[in-house]
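# Structural overview for review
Chain by chain, the residues:
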Amino acid sequence: MSLNPRLVKESFAVIEPVADKAAAYFYGRLFAENPHMRAMFPPAMDTQRDRLFGALTRIVWSLDSLDGLSSFLGELGRGHRRYGVLPEHYTTLGNALLATVRRFAAEVWSPEMEAAWLAAYTAAADIMITSAEEDARTSPAWWTAEVIGHELRAPDIAVITLRPGEPLPYLPGQHVDVQTARWPRVWRPFSIANAPRRDNTVRLHVRAVPGGWVSSALVGHTRIGDTVTLGAPGGTMTPPERGRDILCVAGGTGLAPLKAIVEHVITSDATPPRVRLLYGARTSRELYDLPDLMRMRSRVPRLEVVPVVSDEPRYGGERGRLPEVVDRLRPWAGHEVYVCGPDDMVEETILRLQRGGVPPADIHRDRPQEGRRRGAHCHT
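### Considerations on the overall build of the protein chain
A count of helices and strands for the protein chain gives 11 helices and 12 strands. Taken over the C-alpha trace, the protein chain has a radius of gyration of 22 Å; the compact-globule value for 380 residues is 21 Å, and the two agree within 12%. Each of the three principal axes of the protein chain carries a C-alpha extent, and together these read 65 × 50 × 40 Å. Taking all 380 residues of the protein chain together, 53% fall into the buried category. Pairs at least 24 residues apart make up 72% of the contacts formed inside the protein chain by residues separated by at least 6 positions. For the protein chain, the exposed surface amounts to about 17500 Å²; the carbon and sulfur share of it is 51%.

### A closer look at the environment of Val176
Locating Val176 in the fold gives a position in strand β3 (residues 175-180). For Val176, a relative accessible area of 0% gives the class buried. Considering only alpha carbons, one finds Val176 and Asp343, 167 residues apart in sequence, at a separation of 19 Å. Excluding residues within four positions of it along the chain, Val176 makes contact with Arg188, Pro189, Phe190, Ile192, Leu204, Leu230, Gly231 and Pro233.

### Focus on the pattern of salt bridges
Taken as a whole, this structure holds 23 salt bridges when the rule is applied. Its salt-bridge partner being Arg276, residue Glu304 comes within 3.0 Å of it at the nearest N-O pair. Highlighted residues: Glu304 in strand β9 (residues 303-309) and Arg276 in strand β8 (residues 275-281), separated in sequence by 28 residues. Close ionic contact of Arg365 with Glu347 constitutes a salt bridge, the shortest N to O distance being 3.3 Å. Residue Arg365 is located in the segment after β12 (363-364), and its partner Glu347 is located in helix α11 (residues 343-355); the two are separated by 18 residues in the primary sequence. Classification of Arg365 by relative accessible area gives partly exposed; the value is 22%. Overall, the relative accessible area of 39% leaves Glu347 in the partly exposed class. One salt-bridge network, held together by shared partners, links Glu151, Arg153, Lys259, Asp289, Asp292 and Arg295.

Rules used throughout
- Residues numbered from 1 in each chain as written.
- Predicted model: local features only at pLDDT ≥ 70, side-chain atom pairs only at ≥ 80, totals over all residues.
- Heavy atoms only, no water.
- Helix = DSSP H or I, 4+ residues; strand = E, 2+ residues; numbered from the N terminus.
- Rg over C-alpha atoms; globule rule 2.2 N^0.38 Å.
- Buried < 20%, exposed > 50% of the residue type's maximum accessible area, 1.4 Å probe, protein only.
- Contact = heavy atoms within 4.5 Å.
- Areas by Shrake-Rupley, 256 points an atom, 1.4 Å probe, with all protein chains shown as cover.
- Salt bridge = Lys/Arg side-chain N within 4 Å of Asp/Glu carboxyl O.

What follows is the structure in structure tokens.
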């Protein structure tokens, strides 16, 4: 079977407007065919359905370059290990997917379209299965980690330090999925806020969001001595190989992965590049990690930390929205740029950077592992 991305995209465009209904139908078919698979998923399926459609959207619209999708599909396959997904489950998943697109794209459906979907799914599933099998030779499906530090920096923000029971290999800037005992089978990604350390500890910056089961549990109900479960680290927003100057733009707890990258850069070279970190929040009280950043700055003269506050008229430092301040302090051409934070901030900052002459290849942002239809660019 040969790939035909055009036919897959044409039918998927018909499904997109009814994504919620299609995702619900998919899981209904899946659990009807294999009821035992229901135990792999969380009790409430709303977020899971959103993540499914986000991943499917990315795959479908990138089918023209399956090689470019390999990294994402490989990460997806490795991540599925924590749910207990086995190679034989992919047949059931594929049957449910084909039944779903056949139903919701009925007005344009044809035998050629079904063959195109089958070829696309087979190619994607093969990459995910192979990646999971290779990963199983060297890594566990998940890690158990003890909470050894829990600092409430604000009513809704906690800095949490974990010690995994086994070494957790990751790169600065990556994220890790977390499951708490309070909500079994509910996993949420959080960026790791430190570069790899000899003591194997990892630090998370967690903001409790309304309706956030895992984030609320971590901030409000987790204590030192508790244990959490971690999935395999992932993400592509990792440190640069080139020794050029670096700009980091962090909004709120989007600071976490950028702090890990900065920590790596300033400690891995005797003469690190110049690093400028713009760290923004609405008020100065919300700059929850500023004291630690200033301690880092005092040890490394080539690191500049610029706090930015948007909603505090009497603040004595840089004031304004982060995208505006980035624009005001340019030029940034020649820098490696990392941006992380709320969706709208990230999008506007990147737009302004590109208008200011920074090539897209020099701008880095993380993307959700299994995404939402309009997913955040960082995991916090």
